[in-house]
Amino acid sequence: MNFLPRFLALLLLAPITLPAQPANAWRHKIAPEVRAALDRGASSDVLVCFREKADLRGASTRTDKKAKTRFVYDALLQTAARAQTRALALARAENAGANTLFLVNALAVDQASPELLRRLAKLPEVEAISPDPWIEMPPPVREIATGQRNSIEWGVERINAPTVWTMGYTGQGVTVGGADTGYDWLHPAILPHYRGYNTATGSANHQYNWHDAIHELNPLNGDANNDPLNNPCGLNAPAPCDDHNHGTHTAGTMTGDDGQGNQIGVAPGASWIGCRNMERGWGRPSSYLECFQWFLAPTDLNNENADPDKAPDVINNSWYCADIEGCTDLTVNELLRQAVIALKSAGVFVVVSNGNAGSNCASTDGPPAYFAESFSIGATRADDTIAGFSSRGPVLIDNSLRIKPNVTAPGQSVRSCIRNGEYASFSGTSMAGPHVAGLVALVLSAQPLLAGQVEALETIIEETAIPTIGPADCSDDNGAAYPNNTYGFGRVDALAAVNLALAWSPPSNTVNPYPPAVLRIFPNPADDQLFLELQHGQALHQIECFSPGGRLMFRTTLQAQAEQETIRINTRDWPAGMYLLRLSGNEETLSRKFFKN
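Residues numbered from 1 in each chain as written. Predicted model: local features only at pLDDT ≥ 70, side-chain atom pairs only at ≥ 80, totals over all residues. Heavy atoms only, no water.

### Overview of the sheet that holds strand E19 (residues 407-410)
Strand pairing in a sheet relies on backbone hydrogen bonds, with the paired strands running either antiparallel or parallel.
In step 1: Read across the sheet, seven strands follow the order E11-E13-E8-E16-E17-E18-E19 without closing on themselves; strand pairing throughout is parallel. Single-partner strands in this sheet number two, and they are strand E11 (210-212) and E19. Sheet twist, expressed as the mean angle between neighbouring strand axes with direction ignored, is 25 degrees.
In step 2: Pairing of strand E16 (residues 314-317) with strand E17 (residues 349-353), which is carried by four bridges, proceeds in the parallel orientation. Residue pairing for E17: Asn316 is matched across the bridge by Val351. (Pairing = 2+ DSSP bridges. Helix = DSSP H or I, 4+ residues; strand = E, 2+ residues; numbered from the N terminus. Axes fitted to C-alpha atoms, helices over the stretch in contact; angles between N-to-C directions.)

What follows is the structure, encoded as structure tokens:
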């Protein structure tokens, strides 16, 4: 694997001086399964994690997306160069394959010998050494195709995307990325929308538009002689290729339209780029991280000359790695979380599928779905009820009890394109996620000022989702809470999201001397009374409440001099329904929804 020339140059300028460690401390850095292999004298594929983390806080002061992305890229690259100098030298001295993952300050080392593992673990700058296993992604359910040609696919229509098209917003000027099993880029439904394809000349340029993170075959497939030809895409494919169908299907739902009646994509005016992070449905933490890194700063086909200006606006990740499939090492999970944080800091919207482990509660347990920083998508059926397979919250794996998913989208019997010019219907949260990635593209084409404003985009999508009460008690008041652990904030609505985005204006560039306010609403749903708790609001705030019909129910102004202030609202005579609360002041605006029984 070729490393970035700039990274190599930085390595030469990055001396490491850290204090010595106790004699046996190095063994505790190594994950138990790797340590067991070391004690047997066996080599291991590992991720070497370094202590130093880049400070990305400065990205929030930059309003331009390209400025955000370049700031994050530079900070991450410089941090990794300082930390990884000696580890890279050790790996090269033993001719071990080493791939620097500067995005999370880690090093993927293939078949590290026991002696190399010992030497790496003894470096004080190394925090942990974790396994890098091959993990199989459970395939979606394939069904008989249900959508007919010369019609708009039902999920696209259900979220009101066609109405947005009539307003002139189809995703134009927006780039969506996909990390998946690869892409059959020649499929007529997605070929015209590939960023690397020139429709006027019929020529293609895959530089900066495609990356293959598969550099070896998965040994668990049992291929004879480990021959790359056993995989139809081979290794390090120079052009987009799909060895599974899954990736092509998700790309179709984001942007697909062949101009002949197969209107399968939410944002047919957007451009897509892709990265293959799985080999015939099997991925590794290192391949997932490599694609995340490539999206931060796409490279040429030699994985050189990275250019963060070519980063996509939104990435769809229709994969997850549950503990039952091999992601049992929380250190690895933390690397994936740091990757999501870095991309969000860089102004890239990260969409992830919530998982197909439903209908049990607390079934959102695989990265990246369970992270607070991930925008996780559950799956609904054609009648807007939750699909039985869609994973639910609350999240228990990190003891947070956080609500998941964030929102839901159509995910059962979704018709889209697959390899060799064909179409098929699949079911899974893998099919729901691309609907939301396409929705982000529609919003950005309508309101370009939102590019790079990930938190604002997330809020817009959540606020405009159609609230739905959950059917089960998943630690959320028998499913009656809002948001809840079945639907999150509800099924997404592209038309409502675009309309709200059109009214959005960027925040002031002036420095705010006060900490951001936190508004908590309880109980939710409300019966006879409602409590509003304002935390850290040390400046003048106005709170307004609007009925389902838009009528102002009350307005109050308060200045919370203390850390926290609580007010009580009498809601006994209010009609049942969903209400909107809006807090403004302190150079900020917050909106929250609640139900009245």
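### Details of the pattern of salt bridges
In step 1: For the structure on display, the rule yields 25 salt bridges.
In step 2: Residue Arg118 pairs with Glu115 through a salt bridge whose shortest N-O separation is 3.5 Å. With a gap of three residues between them, Arg118 and Glu115 both fall in helix H5 (residues 114-121), about one helical turn apart.
In step 3: Overall, the relative accessible area of 27% leaves Arg118 in the partly exposed class.
In step 4: The partner of Arg381 in a salt bridge is Asp383, and the shortest N-O contact between them spans 3.9 Å.
In step 5: Judged by relative accessible area, Arg381 falls into the partly exposed class, the value being 33%.
In step 6: Connected through shared salt-bridge partners, Asp45, Asp110, Asp132, Glu216 and Arg284 make up one network. (Salt bridge = Lys/Arg side-chain N within 4 Å of Asp/Glu carboxyl O. Buried < 20%, exposed > 50% of the residue type's maximum accessible area, 1.4 Å probe, protein only.)

### Describing the nonpolar core
In step 1: Within the largest apolar cluster, 58 residues are counted, with the highest numbers of intra-cluster contacts made by Phe349 and Leu442.
In step 2: For this core, the elements supplying multiple residues, two or more each, are helix H7 (161-166), helix H8 (246-255), E17, strand E18 (375-380), E19, helix H11 (429-446), helix H12 (454-464) and helix H13 (494-502).
In step 3: If we ignore the near neighbours within four places in the chain, the residues touching Leu442 are Ala161, Val164, Trp165, Tyr169, Thr170, Gly171, Val266, Ala267, Ala494 and Val498.
In step 4: Judged by nonpolar contacts, the second largest core, of 49 residues, contains Ile273, Tyr288, Leu335 and Ala342. (Core = buried A, V, L, I, M, F, W, Y, C linked by side-chain atoms within 4.5 Å. Contact = heavy atoms within 4.5 Å.)

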